[in-house]
Amino acid sequence: MSAQNTMHTNVVQPNPQQPLLNPYQNQRFAVPGTAGGFGPPDQSYGRPAQPSYQQPPAAYINTGPVAKNGAPPRVIPIAALNPFQGTWKIKARVTAKTHVKHYINGQGPGKLFTFDLLDAHRGEIRAKCFKEVVDQFYDLIEVGKVYLISSRGGLKPAQKQYNPLNNDYEISLDARTCVEVCSDDDSSIPRQQFNFRKISELANMDKGVLIDLLGVVTSVSPTFTLMRKNGVETQKRVLELKDMSGCSVETTFWGNFCDAEGQQLQLLCDSGSNPILVLKSGLVGDFKGRSVSTINSSVLQINLDLPEAESLRQWYITEGKDAAFTSLSVGMSSMGRTDVRKTVAQIKDEDLGRSEKPDWITVMGAIWSIKTETFCYPACTAEVNGTRCTKKVINNGDGMWQCDSCGQSSQNCEYRYMLQCHIQDHTGIITFATAFQEAGEVIIGLPAQDLFRIKHEDQDEIKFADIIQQARYQQYLFKLRVKEETYNDETRVKCNIVKVQKLGRHVKRESLSSGSN
DNA sequence: CCCCCCCC
């Protein structure tokens, strides 16, 4: 009932009693099991019902005597499981299941598979089977089914690095574990629990974070077979996902996900429909800026009957289709279709900017230094053909600003950016580049007028230095116009930063030499 | 007890 009681309450509410697993997990939605009396089946979201079992009720701990009597243990919430109890029993639905992984370590060859469990109280936990336990349970465990699982002990600290579930523990199944399928598909147990992130949020996430995404699939590549470094062949597909945040991200399906789900998505895309994909437990990567990929324990669901999916579909049909998207994976479309990725080193190596037309390239890198003496210039505020002149004006001494470009003079001027930056990318090579008004404002984070006031009117050197410092060690995507220019008989290739996008990543300070300013 | 997701 709890899911129905709270349906359509997509409330952001971290449980104050439980520390968040990571800063990105603040929303949880659950898809309930079959219809429980009202509301369409499988279509409800529930606010996380997360009673705190950090201090398990006494009844859950004192299972010892009961177990010794041989009486079957009572079902307890997953959230009450802990390593200090004896016999336990849970009732939960399997929400994900990996394939069997074979490996060789110091003890010789081994194998394992894992599956994830969710119970009626929204408690979740990962279960692991090794060696012969794999054979014992692999076929029995099916995603979507409800099981009664009982055992003694077997609780270990969760490997948070690989396991996004909201539980401090994991279960290791062993010979003492009893797993039985529940014939009644308990509708009080949600089918899935999602914690959807917007694609735009990926920009501020670290590589390695596991997330749930809900996106429109706008393209699907064929399956590629490639050889891994260890000589084992693997398959991949590359998809583009978009959502209402106006961002898109390149998403890679690995291995088995290429087959069933990848195939189905390709057919749907080819037939002109825009399937909605749920990717549960996708891994954030930083390839081409930001990327997402499947891992073994990922779950894919196509056109799942969710209100969120339906509104995304409607939005995409009515406006999304024609909207401009910001790609978090450079090379897709973020900086325009003609986007050409280059390194700073290539500007020189390939003699860019030496031909008739400018070269337009995109470079990922960081600001290495900013020239602080002249970061802006007084610009003409006069209108010429309906737009601001913005050329440089000169104070002619009588309080008037004279523009040599449009010939007008005015009582005021406007300070506009002409930021002279050194930009550096992973090749370590540095180039000089100039950012004008719009790009300068993105880099500095303040209008040029404000920075001018801080430095020249307030004369707050500390604040000024602080602001400049903030712009460093920050990853950006620079769209550069590269063109040679002749000035005073000297011809040089100049780079103008025509567009800049913050990637939301700080570069390690050590990777940049200590620059001036 | 494995293992980050493989490649560009």
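Here, residues in each chain are numbered from 1, in the same order as that chain's written sequence. For this description, chains carry letters from A and ligands carry numbers from 1, given in the order in which they are written. pLDDT decides what is reported in this predicted model: residues at 70 or higher carry local features, side-chain atom pairs at 80 or more are listed and counted, and totals for whole chains, interfaces and linings draw on all residues regardless. Hydrogen atoms and water are omitted, and side-chain values are computed over all heavy atoms in the structure.

Participant: Requested: an account of the protein's contact with DNA strand B, with residues and values cited.
Facilitator: The immediate surroundings of DNA strand B are formed by 22 residues, with N105, K128, Q161, Y162 and R228 found nearest. Contacts described as polar in this section are N or O atom pairs within 3.5 Å, which, within protein, must combine one atom able to donate a hydrogen with one able to accept it, while residues neighboring in sequence count only if both atoms come from side chains. A distance of 3.1 Å separates a base nitrogen of DNA strand B from a polar atom in the side chain of Y162. Contact between DNA strand B and W254: a phosphate oxygen at 3.0 Å from a side-chain N or O atom of the residue. Counting only elements with at least two residues in the surface near DNA strand B, the list comes to β3 (101–105), β5 (124–130) and β15 (247–254). Residue composition of the surface near DNA strand B, grouped by class: nine nonpolar, seven polar and six charged. Note on definitions. A residue lies near a molecule or strand when any single heavy atom of the residue is within 4 Å of it. Under the DSSP-based scheme used, a helix requires at least four consecutive residues in state H or I and a strand at least two consecutive residues in state E, with every element numbered from the N terminus. Residue classes follow a fixed rule: Ala, Val, Leu, Ile, Met, Phe, Trp, Tyr, Cys and Pro count as nonpolar, while Asp, Glu, Lys and Arg count as charged, and any other residue, Gly among them, counts as polar.

Participant: Before we move on, could you go through the environment of K371 and cite the residues and values that matter?
Facilitator: Here K371 is to be found in the loop between β20 (359–370) and β21 (376–379). Note on exposure labels: buried denotes an accessible area under 20% of the residue type's maximum, exposed denotes more than 50%, and partly exposed covers the range between, all computed with a 1.4 Å probe on protein chains only. When its relative accessible area of 34% is taken as the criterion, K371 is described as partly exposed. It is 9.4 Å that separates the C-alpha atoms of K371 and I468, two residues lying 97 residues apart in sequence.

Participant: How would you summarise the pairing of strand β4 (residues 108–119) if you had to cite specific residues and measurements?
Facilitator: As a general feature of sheets, a regular strand has side chains that alternate between the two faces. With respect to burial, β4 is a largely interior element, 11 of its 12 residues being buried. Any two strands with at least two DSSP bridges between them are considered paired. Bridge count between strand β2 (residues 87–97) and β4: five bridges; the pairing is antiparallel. What sits directly across from A92, in β4, is D119. In the sheet, β3 pairs with β4 via five bridges, with the strands oriented antiparallel. In the sheet register, N105 faces β4, and the bridge partner there is G108. Relative to β5, β4 is paired through seven bridges, and the arrangement is antiparallel. Pairing of F115 across the sheet is with A127, part of β5.

Participant: Please provide a residue-by-residue account of helix α6 (residues 307–318), values included.
Facilitator: One full turn of an α-helix is made of 3.6 residues, so residues set three or four places apart face in the same direction. Compared with the 16 Å implied by 1.5 Å per residue over 12 residues, the 16 Å span of α6 between its first and last C-alpha is a close match. When α6 is considered as a whole, its buried residues turn out to be A309, L312, W315 and Y316. Here the buried residues of α6 occupy an arc of 125° about the axis, which is enough to place them on one side. A contact between two residues is defined here by any heavy atoms of the two lying within 4.5 Å. For α6, the elements touching its buried residues are β12 (210–220), β14 (233–242) and β16 (276–285). Each helix should span, by expectation, one fewer than its residue count multiplied by 1.5 Å. For this quantity, the arc is that covered by the directions from the helix axis to the C-beta atoms.

Participant: Let's hear about the confidence of the model for chain A: which residues, and what values?
Facilitator: By definition, pLDDT measures how confident the predictor is in each residue, and it falls between 0 and 100. When the pLDDT values of chain A are averaged, the result is 82; 81% of them are 70 or greater. Low pLDDT, under 50, characterises residues 1–27; the predicted model gives this stretch 63 contacts beyond four residues in sequence or across chains. Scored below 50 in pLDDT, residues 34–67 makes 80 contacts in the model with residues more than four places away or belonging to other chains.

Participant: Break down the packing of aromatic side chains for me, citing the residues and quoting the values.
Facilitator: Geometry of aromatic contacts follows a simple scheme: Phe, Tyr and Trp rings, the Trp one being its six-membered ring, pair when their centres are within 6.5 Å, and the pair is stacked under 30 degrees between planes, edge-to-face over 60, tilted otherwise. Taken as a whole and assessed by the stated rule, the structure comprises eight aromatic pairs. Plain terms: the ring middles of W315 and F325 are 6.0 Å apart, the flat faces sit at 85° to each other, and that makes the pair edge-to-face. Within this pair, whereas W315 is found in helix α6, its partner F325 is found in the loop between α6 and β19 (326–327), the two being separated by 10 residues in sequence. Each member of the pair W315 and F325 is classed as buried.

Participant: Hey, could you go over the sheet that holds strand β25 (residues 401–403) for me, with residue numbers and the actual values?
Facilitator: Spatial strand order, β24-β25-β26: three strands in an open sheet with antiparallel pairing. Of all strands in the sheet, those bounded by a partner on one side alone are β24 (393–395) and β26 (409–410).

Participant: Please give an account of the pattern of salt bridges that cites residues and values.
Facilitator: One speaks of a salt bridge when a side-chain nitrogen belonging to Lys or Arg is within 4 Å of a carboxyl oxygen belonging to Asp or Glu. Tallied over the entire structure, the rule returns 18 salt bridges. Of the charged contacts, one joins D168 and K160 as a salt bridge, the two residues approaching to 3.4 Å between their closest N and O atoms. By relative accessible area, D168 is classed as partly exposed at 46%. Among the ionic pairs, K342 bridges to E350, the shortest N-O distance being 2.7 Å. On the accessibility criterion, E350 (36% relative accessible area) is partly exposed. One network of salt bridges, in which partners are shared, links K91, D184 and D186.

Participant: Which residues make up the packing of helix α9 (residues 448–457) against helix α10 (residues 461–471), and what values go with them?
Facilitator: Interaxial angle, 0 to 180 degrees, is taken between N-to-C directions of lines fitted to C-alpha atoms, where a helix line uses only the stretch in contact. Put simply, α9 and α10 touch, their axes get as near as 8 Å, and they point 140° apart. Classified by the angle between their axes, α9 and α10 sit oblique to one another. As α9 packs across α10, the resulting crossing turns out to be left-handed. On the side of α9, the interface is formed by L451, I454 and K455, while α10 contributes E461, K463, F464, I467 and I468. Here the residues of the contact of α9 with α10 sort into five nonpolar, no polar and three charged. Should an angle fall under 35 degrees it is called roughly parallel, over 145 degrees roughly antiparallel, and 65 to 115 degrees roughly perpendicular, with every other angle called oblique. Rotating anticlockwise by less than a right angle from the far helix to the near helix defines a left-handed crossing, while the corresponding clockwise rotation defines a right-handed one.

Participant: Which residues make up the nonpolar core, and what values go with them?
Facilitator: Formed by 41 residues in total, the largest nonpolar core has its most connected members in I370, L419, I443, I444, F478, L480 and I497. It is strand β27 (residues 414–424) that contributes the most residues to this core, five residues altogether. The residues touching I443, leaving out its near neighbours within four places in the chain, are I367, I370, L419, C421, A435, A471, Y476, F478, I497 and V500. Among buried residues, the Ala, Val, Leu, Ile, Met, Phe, Trp, Tyr and Cys ones that are joined through side-chain atoms within 4.5 Å form a nonpolar core.

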